[in-house]
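An overview of the molecular structure
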Amino acid sequence: MALSLVSPAIGVEKLRKLRRGFGALVCGAYGNGNGNGNGNGDEVFPSFLPKQVEKIKDPFARSLAQRIQRLPVQIGSSGSCIMSSCVKPVIRSNSNPVVLLHCFDSSCLEWRCTYPLLEEAGLEAWAVDVLGWGFSDLERLPPCDVASKRHHLYQLWKSHIKRPVILVGPSLGAAVAIDFAVNYPEAVEKLVLIGASVYAEGTGNLSKLYRPLAYAGVSLLKSFPLRLCSNLLAYKSISFATSFDWTNVGLLHCLLPWWEDATVNFMKSGGYNVIAQIKQVKQKTLVIWGEHDQIVSNKLAMRLQHELQDAIMHHIPDCGHLPHLEKPNSVAKLIADFAQGDRCQEAHFNNFKHVKRPNSVVESITDLTRG
């Protein structure tokens, strides 16, 4: 069965059943008393998420939010740990797992549309929050520069995943993935880069700002109008109502008390500059690009494919900068085929080509809540 937020082929009743299924998994993990919820047992959110999660309308964002956990990740020789947020797979597979990173200043909720499809395809999928973003506990603020983000991801992999992975990075997450793959090749079997933002030379002059100005600039990042405008630019054809709700999803992690400090720390550190590392990548790489990407030029997609040692390219039509949100069916199939190779059974995807991408999550909420 292929999944879609709003689809004639899936329908409201099946979507409601899917939500109940996710809810059962979460209640088993957290119990009814350990999180935010509506009190009737239908939805239980982890208590560490901002209470504004309850206002999110996107049913897949709500479902995935219920599955977010914090795992201990040791970051220093003294044994100090960060309780690090991620979505763990329900079932472990014999095949190497897929690890999903996210874009700049985002969270694992970015994979809300594609994650269920990857599970349907039989993949062991981890959606992890990069240090400094997402929902990890950073009350004792650690450094959030590139080296610290890399080390944290390695320690998470070493402690909890323990096998070579197919590492997936969208936008700036592609720079995170390249940096990690070059420095820890034993941890990465293959790479998937989506709308890759890998040719920027770090944060540039922003790293030289006086600290008060840096905080002023960072505070703009959680401005709703700015985020909404960015969303409208990032997608080719989603409705305004969906973009409005997805802006609230993207802002959720910014409501944690340490978000500004962590983001300023990253910005002042100089950020990611992986231009010289691209040609060092030895892993086979799948490059995915939306044909109507207005954020990162398609010319850079061609350059990236040329500079990587072993890369294949796939363009997704009628799609903007974030195919894993705008065209989740296509992205899930590409990742699964790439991850599983010849072992991928076409039966998993018989419905993919027939199921339309959701045009508006918000437009379906009224029907969902009536039941």
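Everything below is about the structure shown above.
Residues numbered from 1 in each chain as written. Predicted model: local features only at pLDDT ≥ 70, side-chain atom pairs only at ≥ 80, totals over all residues. Heavy atoms only, no water.

Attention now moves to the overall build of the chain. Counting secondary structure elements, the chain contains 13 helices and ten strands. Counting over 371 residues, the chain shows a buried share of 55%. A total of about 15,600 Å² of accessible surface is found on the chain, and carbon and sulfur atoms cover 52% of it. (Helix = DSSP H or I, 4+ residues; strand = E, 2+ residues; numbered from the N terminus. Buried < 20%, exposed > 50% of the residue type's maximum accessible area, 1.4 Å probe, protein only. Areas by Shrake-Rupley, 256 points an atom, 1.4 Å probe, with all protein chains shown as cover.)

Take Asp105: it is sitting in the loop between strand S5 (98-100) and helix H3 (115-120). Within polar-contact distance, the side chain of Asp105 engages the side chain of Arg227 at 2.3 Å. Among the polar contacts made by the side chain of Asp105, one reaches the side chain of Trp259 at a distance of 2.7 Å. Discounting residues that sit within four places of it in the chain, Asp105 has contacts with Trp133, Leu221, Arg227, His253, Cys254, Trp259 and Thr263. (Polar contact = N/O pair within 3.5 Å; in protein donor to acceptor, adjacent residues only side chain to side chain. Contact = heavy atoms within 4.5 Å.)

Next up on the list: the state of the cysteines. Summed over the entire model, instances satisfying the criterion amount to zero disulfides. Cysteine Cys108 shares no disulfide, and the gap to the nearest cysteine sulfur, in Cys86, comes to 7.4 Å. (Disulfide = S-S within 2.5 Å.)

Right, let's get into the pairing of strand S6 (residues 125-128). Moving residue by residue along a regular strand, the side chains alternate between the two faces of the sheet. Both faces of S6 are covered, namely the face carrying Ala125 and Ala127 and the face carrying Trp126 and Val128. Where S5 lies against S6, three bridges are found, and the strand directions are parallel. Within S6, the residue paired with Val98 across the bridge is Ala125. With respect to chirality, the unit in which S5 leads through H3 into the neighbouring parallel S6 is right-handed. (Pairing = 2+ DSSP bridges. Right-handed = clockwise from strand over helix to strand, strands pointing away.)

With that out of the way, let us pick up a nonpolar patch on the surface. Taken together, the side chains of Leu232, Phe240 and Phe244 make up a nonpolar region of the molecular surface, amounting to roughly 300 Å² of accessible area. Its location among the elements puts Phe240 in helix H8 (residues 240-251). (Patch = residues over 30% accessible without salt bridge, like charges linked within 9 Å, V, L, I, M, F, W, Y side chains within 5 Å. Salt bridge = Lys/Arg side-chain N within 4 Å of Asp/Glu carboxyl O.)

Next up on the list: the packing of helix H4 (residues 146-161) against helix H5 (residues 172-183). Contact geometry for H4 and H5: axes closest at 10 Å, N-to-C directions at 70 degrees. One way to sum up the angle between H4 and H5 is to call them roughly perpendicular. Our pair here, H4 against H5, has a crossing hand that is right-handed. Residues Val146, Arg150, Leu153 and Tyr154 of H4 form the contact with H5, whose participating residues are Asp179, Phe180 and Asn183. Classifying every residue of the contact of H4 with H5 by side-chain character gives four nonpolar, one polar and two charged. (Axes fitted to C-alpha atoms, helices over the stretch in contact; angles between N-to-C directions. Parallel < 35°, antiparallel > 145°, perpendicular 65-115°, else oblique. Left-handed = near helix turned anticlockwise from the far one by under 90°. Nonpolar A, V, L, I, M, F, W, Y, C, P; charged D, E, K, R; others polar.)

What follows concerns the sheet that holds strand S9 (residues 284-290). Reading across from one edge, S3-S4-S6-S5-S7-S8-S9-S10 is the order of the eight strands in this open sheet, with mixed pairing throughout. The sheet is open, and its two borders are formed by strand S3 (68-74) and strand S10 (311-316), each paired with just one other strand. The average angle at which neighbouring strand axes cross in this sheet is 25 degrees, direction not considered. Lying over the sheet, H4 contacts S3, strand S4 (81-87), S5, S6 and strand S7 (165-170), oriented at roughly 100 degrees with respect to S3. This element, helix H10 (residues 298-307), spans strand S8 (188-194), S9 and S10 of the sheet and lies at about 160 degrees to S10.

Before going further, it helps to examine the pairing of S8. Most of S8 is tucked away: six of the seven residues are buried. Judged from the six bridges that link them, S7 and S8 form a sheet pairing that is parallel. What sits directly across from Gly169, in S8, is Leu193. Since S7 and S8 lie parallel, the crossover through H5 that links them has a hand, and here it is right-handed. Judged from the five bridges that link them, S8 and S9 form a sheet pairing that is parallel. When the bridges of S9 are listed, Leu193 appears paired with Val287.

Time to look at the nonpolar core. Grouped burial of nonpolar side chains is what soluble globular proteins tend to show. One finds Val168, Val192 and Ile335 to be the most contacted residues of the largest nonpolar core, which totals 47 residues. For this core, the leading source of residues is helix H12 (residues 328-340), giving seven residues. Those residues in contact with Ile335, other than ones at most four positions away along the chain, are Val98, Trp111, Leu118, Leu123, Val168 and Val192. Judged by nonpolar contacts, the second largest core, of 46 residues, contains Val99, Leu153, Tyr154 and Val296. (Core = buried A, V, L, I, M, F, W, Y, C linked by side-chain atoms within 4.5 Å.)

Coordinates in, geometry out; function isn't part of it.
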